[in-house]
Amino acid sequence: MYDFEYHKPGAIDDAVKALGADAEAKALAGGMTFIPVLKQRLAKPSAVVDLAGLGLTGIRREGNALVIKAMTTHREVAMSSEVASAIPALATLAGNIGDRQVRYRGTIGGSLANNDPSACYPSAVLALGATIVTSRRRIAAADYFQGMFTTALEPDELITEVSFPIPEKAAYAKFPNPASRYAMVGVFVAKTAEGARVAVTGAGNDGVFRHAAMEAALDQSFTADALKDVTTPESLMNGDIHAGTAYRAHLVGVMARRAVMACK
Amino acid sequence: MNDLSNPVIIKGGIGDSPKRTEDHRFLSGKGRYTDDINRPGQAYAYFKRSDVAHGVIKSIDTAAAAAMPGVVAIYTGEDIAKAGIGGVPCGWQLHSKDGSPMVEPPHPILAQGKVRYVGDAIAMVIAETTEQAKDAAEALVIDIESLPAVSEMRAATAPGAALVHDAAAGNICFDWHIGDKAAVDAAFATAFKVARIDVVNNRLIPNPMEPRAAIGDFDQSSGEHTLYTTSQNPHVIRLLMGAFVLQIPEHKLRVVAPDVGGGFGAKIFHYIEEAAVTWAAAQINRPVKWTCGRGEAFITDAHGRDHITHAELALAEDGKFLGLRVNTMANMGAYLSTFAPSVPTYLSATLLAGVYTTPAIYGEVKAVFTNTVPVDAYRGAGRPETTFLLERLVDVAAKEMGMDRVAIRRRNFIPIDAYPYQTPVALMYDSGNHEATLARCMEIADWNGFEARRAAAAKRGKLRGIGMSTYLEACGIAPSAVAGALGARAGLYEVANVRVHPTGSVTVFTGTHSHGQGHETTFAQLVADQLGVPFESVEVVHGDTAKIPFGMGTYGSRSLAVGGSAMVKAMDKIIAKGKKIAAHLMEAAVDDIEFKDGKFTVAGTDKSKSFAEIAITAYVPHNYPIEEVEPGLDETAFYDPKNFTFPGGCHICEVEIDPDTGVVQLIGFTAVDDIGRVINPMIVHGQVHGGVTQGIGQALLEHAIYDETGQLLSGSLMDYTMPRADNVVNIHVGTESTLCTHNPLGAKGVGEVGAIGSPPAVINAVVDALRDYGVSHIDMPATPQKIWSIINAGAPRMAAE
Ligand SMILES: Cc1cc2nc3c(=O)[nH]c(=O)nc-3n(C[C@H](O)[C@H](O)[C@H](O)COP(=O)(O)OP(=O)(O)OC[C@H]3O[C@@H](n4cnc5c(N)ncnc54)[C@H](O)[C@@H]3O)c2cc1C
């Protein structure tokens, strides 16, 4: 990796200032994505601002919402009894991210800031209509994701926590990429106060998206059968050496039905 | 010496399973790998590599890079040419059908004139730190004019294709054949039916856990060069690099291969980086270290397999195989790696008889240059390719004939009383019992109960299949005269030096090398058993040309069959000498001395001397037959095998397919192998587990994919699917041994059988699971996408169809 300055501020304001003062500075959370990028010399930040000292870990219940702070690791989410009782689907999702090492280090904030098109969390955030709370504002999920690796975040804006409205029931079904174990297709299905929600990650050629046709079908009848004839346009799909667009489109249907059946 | 046929297992001896001695240090982080070695004053090398698959090097401007902080030296292909340094050599020469030698283009240690694959080294930057070397490499100004590239063999052999080497017309390295074409044509003329198959043996990337590394060191006072390297065969590297590349005589070149974290073939070959750091260390008079990155390993470690084959099998009405015709294209990559030409030919086509009595066989192999990483031996080297082809073809033939898959195999097995069996493709098999391994494997896997399990799976909406492979391979390479006649440029004997110390402990110096196989344990057992000394008092040393007289290293499952045999020979000499000393001490005739269980005894008496007593006498020769016998107890033996060894067996795999996703789940895997004498059953099981896992990886997961411009698309572990624990099942391992008839141990070899026998068993099971979909073949890897496409393309045919 290239040389850089290393900062470990103790307050969010200081972290934001450090990022604002230097356009080439970057935040570091669990480092599961960022450090490999540095090691491969794919990024050349002048400074790295470590978020580990900001006290940004923890999970709490706030009325009808589950709030997870940005630096909470995937393992903490997977093991949390708070999460298990409020949104068990989220615990399952976190518990199946990557491998053990990744789950011990990787964070929800890092995952959402990165918005990898095959990351798992974006589908939960979008399907549940979560709110991304940052160092300066609250961003609705619908406004937050802006295509592959692109979000509404400003360069000096930090995610501090994520607030998930608790659904009636939900589930996440993931078809892992056989090599990376990221989602090749991941579908998060939820029955919420606003109706059925289906968000698809891993499959789309523009990142995470909501599946309107499936939502409509599930609003009619929240059963796997209701999705039997709902197709997914291949033109929306991403294709790579592991799965072409037709196969991905097919898997979206399979994973959605499995998620509906697993909803609790 | 203990009788090898003695069924009594001595603690720590042959047949016992002591835990692996070496694992103490491996599991506690105390292994000493090449990258753990640091020499005083060491500088660091980084190789600037081509990111285009094919191009002309117009210019390289090193000025800015040379001025960067910490830079010690920068070398390009031009410097190498000026220094008169040769290319890395190929260790095997083949001749085409017309008698002409293979096209053998030079493989310079830094590219000269042209780059030929993504990863081809253009310049070596040496600096005080690796990061500084990388920084400077970014400042190199390199002008490369891209040329059209060929990455796939059909494209490379199409008319008008870009030429990787001007000397190789049509990108053909050689066009070789074996067998009797006329006899095969005659057999086909009488065939009742012909079974045909086209198979691709998928290209693989070995990925040993430890990436390669090399340190060059030079002692100005003695003029001695030392290379520390991640090699499976340090003496071979010393020979190839010393004699052919750098012209350093053996007495001035030491090659050390310390702990090596897996090789699987990829660490057999002499790589350019080894020569580059050795040479550069002498240029700058400082040690130079290079450590390969994981991403770099993907584009520089020799890849494996990559064959395309069309085969036809002529069958008689009773299912007997009459003739086999095979046509293969084998990818060599951009340059000939050390053993590349031998893999598709003498290590592959010579096994086309398999375990069957096919009387007429003809095989043709075209080796093709492409703009890809060089391809060479990878666990199994040639035998997995042939085994996959044959065992798939036999299943296709069974279907064609309407015969049972087991029955057609049994009808064609080489019967046990036909051994030794001369095949029509050069090899003479010494031993084997195919019925025994088949029957045992079928029993453990409950082959006959399968249809009930399939029906039960169908009720759960799953497609269940079972497949087998009955295979045989040739390893224990190799009789030097035979190998030489077939084109090997080296002998393939092995060397052991058994040093008995004054107090009776023993150090064995072996020319083989252990990089995961557990030799420190297995060989110690062998020595303990034969000399009757405790297992704990035997030390095994390998991997240093300064310590070990000579050796050819470890590959081709040769270490026990060839290296172990050399040890037996050396121990025979120790025992013979010990008898003379014992005879003197006990005032008996030498012929009356018997050696057993660590004791020299005067036959028919209770007079005896322990091994330790003889050892101390040999080193403190006060009362000693000094006129006839030299002091000391230290013997060296070279063992040249009389033939290849022929392990074989039966593998059975059972799978379930989820028709919604195309995912193949392994349900069971059983391997019953005939590997000859087993020294340590636990290690044998481990070798089979590892090999089968690699075979499952090849069958279901792994695939090195290039795009048409020669970029490697599966260039990291994020895209290249290595098998993991959850991709495999518990593997049932059994052995059903016949002994090798021509080496003193009766050992055949176990290092590769798992990877050789398993892929067709897996694919035969997958094809069987899809039997209602009218498929007769699926290329590896059988990914979910491929299987889903088959399922999606056609609803199941009715059974009546
Ligand atoms: C082998 C492997 C397998 C994986 N598998 C999966 C998987 O199956 N599913 C899945 O979803 N993910 C997977 N991941 C990704 C994993 O979830 C990482 O945790 C995630 O990519 C990034 O989180 P991090 O905490 O490591 O962030 P980092 O790598 O530290 O940072 C990532 C990016 O986010 C920025 N950032 C971090 N935190 C904040 C913040 N609070 N505010 C603003 N910006 C911030 C950083 O500046 C950086 O640009 C995998 C990763 C690996 C290495």
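Computed from a predicted model, the values in this text were never measured in an experiment.

About the thresholds
Residues numbered from 1 in each chain as written. Chains lettered and ligands numbered in written order. Predicted model: local features only at pLDDT ≥ 70, side-chain atom pairs only at ≥ 80, totals over all residues. Heavy atoms only, no water. Domains from an automatic or database assignment. Buried area = accessible area lost by both parts, 1.4 Å probe. Salt bridge = Lys/Arg side-chain N within 4 Å of Asp/Glu carboxyl O. Polar contact = N/O pair within 3.5 Å; in protein donor to acceptor, adjacent residues only side chain to side chain. Helix = DSSP H or I, 4+ residues; strand = E, 2+ residues; numbered from the N terminus. Nonpolar A, V, L, I, M, F, W, Y, C, P; charged D, E, K, R; others polar. Contact = heavy atoms within 4.5 Å. Buried < 20%, exposed > 50% of the residue type's maximum accessible area, 1.4 Å probe, protein only. Pairing = 2+ DSSP bridges. Near = heavy atom within 4 Å. Areas by Shrake-Rupley, 256 points an atom, 1.4 Å probe, with all protein chains shown as cover. Axes fitted to C-alpha atoms, helices over the stretch in contact; angles between N-to-C directions. Left-handed = near helix turned anticlockwise from the far one by under 90°. Phe/Tyr/Trp six-rings, centres within 6.5 Å; stacked < 30°, edge-to-face > 60°. Parallel < 35°, antiparallel > 145°, perpendicular 65-115°, else oblique. pLDDT = per-residue confidence, 0-100.

## Regarding the domain arrangement of chain B
When the parts of a complex come together, some accessible area is lost, and that lost area is often used as the size of the interface.
Residues and elements named next belong to chain B.
Then step 1. Assigned domains of chain B: these are domain 1 (23–31 + 493–639), domain 2 (40–90 + 109–146 + 206–298) and domain 3 (430–474 + 645–801).
Then step 2. A straight line from the C-alpha centre of domain 1 to that of domain 3 covers 40 Å.
Then step 3. Buried area between domain 1 and domain 3, summed over both chains or domains, comes out near 1100 Å², and the portion from carbon and sulfur atoms is 62%.
Then step 4. Among the residues of domain 1 in contact with domain 3, Ser-557, Leu-560 and Ala-561 are the three that bury the most area, contributing 38% of the side total.
Then step 5. Summed over the shared surface of domain 1 and domain 3, the number is zero salt bridges.
Then step 6. At the boundary of domain 1 and domain 3, one finds five residue pairs in polar contact (both at pLDDT 80 or more).
Then step 7. Elements that contribute at least two residues to the side of domain 1 that touches domain 3 include exactly α15 (519–531) and α16 (559–585).
Then step 8. Sort the elements by how many residues they give to the side of domain 1 that touches domain 3 and α16 lands first, with five residues.
Then step 9. Partitioning the side of domain 1 that touches domain 3 into residue classes produces five nonpolar, ten polar and no charged.

## Focus on the interface of chain A and chain B
Then step 1. Facing 21 residues of chain A, the contacting portion of chain B comprises 22 residues.
Then step 2. When the two sides are added together, the surface that chain A and chain B hide from each other amounts to roughly 1800 Å², 48% of it contributed by carbon and sulfur.
Then step 3. If you look at where chain A meets chain B, you find six salt bridges.
Then step 4. Linking A:Arg41 and B:Asp135 is a salt bridge whose minimum nitrogen-to-oxygen distance equals 2.8 Å.
Then step 5. Taken together, the connections running from chain A to chain B amount to 15 residue pairs in polar contact (both at pLDDT 80 or more).
Then step 6. The greatest single-element share of the side of chain A that touches chain B, amounting to seven residues, is contributed by helix α11 (residues 245–262) of chain A.
Then step 7. Of the residues in the side of chain A that touches chain B, the class split is 13 nonpolar, five polar and three charged.

## Observations regarding the pairing of strand β1 (residues 43–49) of chain B
All names here are of chain B.
Then step 1. Where burial is concerned, the two faces of β1 differ: the one with Ala-43, Ala-45, Phe-47 and Arg-49 is buried and the one with Tyr-44, Tyr-46 and Lys-48 is not.
Then step 2. Sheet analysis places β1 next to strand β12 (residues 288–291), joined by two bridges and oriented parallel. Within β12, the residue paired with Tyr-44 across the bridge is Lys-289.
Then step 3. Sheet topology places β1 next to strand β5 (residues 121–127); six bridges connect them, and they run antiparallel. Following the sheet pairing, Lys-48 is matched in β5 by Ala-123.

## A look at the environment of A:Ala190
Residue and element names in this part refer to chain A.
Then step 1. Here Ala-190 is to be found in strand β10 (residues 183–192).
Then step 2. Spatially, the C-alpha atom of Ala-190 lies 25 Å from that of Thr-245, the residues being 55 residues apart in sequence.
Then step 3. In contact with Ala-190, other than residues within four places in its own chain, are Ala-127, Leu-128, Pro-167, Lys-169, Ala-170, Gly-195, Ala-196, Arg-197 and Phe-222.

## Focus on the site of the ligand
All names here are of chain A.
Then step 1. Close contacts around the ligand come from 31 residues, with Ala-27, Gly-31, Thr-33, Thr-107 and Cys-120 the closest.
Then step 2. If the ligand stood free it would expose 970 Å²; the protein chains cover 92% of that surface.
Then step 3. Listing elements by their share of the shell around the ligand, those giving two or more residues are β2 (25–28) and α7 (108–114).
Then step 4. In terms of residues, the shell around the ligand owes the most to one element, α7, which gives four residues.

## What about the packing of α15(B) against α16(B)?
Each pair of packed helices gets described by two things: the angle between the helix axes and the distance between those axes.
Residue and element names in this part refer to chain B.
Then step 1. Packing of α15 against α16 brings their axes to within 11 Å, and their N-to-C directions diverge by 30°. α15 and α16 meet at a crossing whose hand is right-handed. The residues of α16 that touch α15, namely those facing His-519, Phe-523, Leu-526, Val-527, Gln-530 and Leu-531, are Ser-559, Leu-560, Gly-564, Met-567, Val-568, Met-571, Ile-574 and Ile-575.
Then step 2. A class-by-class count of the residues in the contact of α15 with α16 yields ten nonpolar, four polar and no charged.

## What about the sheet that holds strand β23 (residues 599–602) of chain B?
Residue and element names in this part refer to chain B.
Then step 1. Ordered in space as β22-β23-β24, the three strands form an open sheet in which the pairing is antiparallel. The sheet terminates laterally at β22 (593–596) and β24 (608–610), the two strands that pair on one side only. For this sheet, the mean angle separating the axes of adjacent strands, direction not counted, is 20°.
Then step 2. In the sheet, β22 pairs with β23 via four bridges, with the strands oriented antiparallel. Directly across from Ile-593, in β23, lies its bridge partner Val-602.

## Considerations on the packing of aromatic side chains
Residues and elements named next belong to chain B.
Then step 1. For the coordinates displayed, the defined rule picks out 21 aromatic pairs over all chains.
Then step 2. Ring plane angle 75° and centroid distance 6.2 Å describe the contact between Tyr-117 and Tyr-335, whose orientation is recorded as edge-to-face. Here Tyr-117, found in the loop between β4 (114–115) and β5, pairs with Tyr-335, found in the loop between β14 (321–333) and β15 (360–369); they are 218 residues apart in sequence, far enough to count as distant.
Then step 3. A relative accessible area of 6% places Tyr-117 in the buried class.
Then step 4. Note on Tyr-493 and Phe-638: the rings are 5.7 Å apart at their centroids and 40° apart in plane angle, and the pair reads as tilted.

## Describing the packing of α11(A) against helix α20 (residues 784–793) of chain B
Then step 1. α20(B) packs onto α11(A) with a crossing angle of 80° between their chain directions and a minimal axis gap of 10 Å. Relative to α20(B), the element α11(A) lies roughly perpendicular. Contact residues: α11(A) offers A:Ala246, A:Tyr247 and A:His250, while α20(B) offers B:Pro784, B:Gln785 and B:Trp788.
Then step 2. Residues belonging to the contact of α11(A) with α20(B) are distributed by class as follows: four nonpolar, two polar and no charged.

## Describing the domain arrangement of chain A
Then step 1. When its domains are assigned, chain A resolves into domain 1 (5–53) and domain 2 (168–264).
Then step 2. The C-alpha-based centres of domain 1 of chain A and domain 2 of chain A are spaced at 34 Å.

## Details of the confidence of the model for chain B
Then step 1. Considering every residue of chain B, the mean pLDDT works out to 96; 98% of them sit at 70 or more.
Then step 2. Interface predicted TM-score (ipTM) for the complex: 0.96; the corresponding pTM is 0.97.

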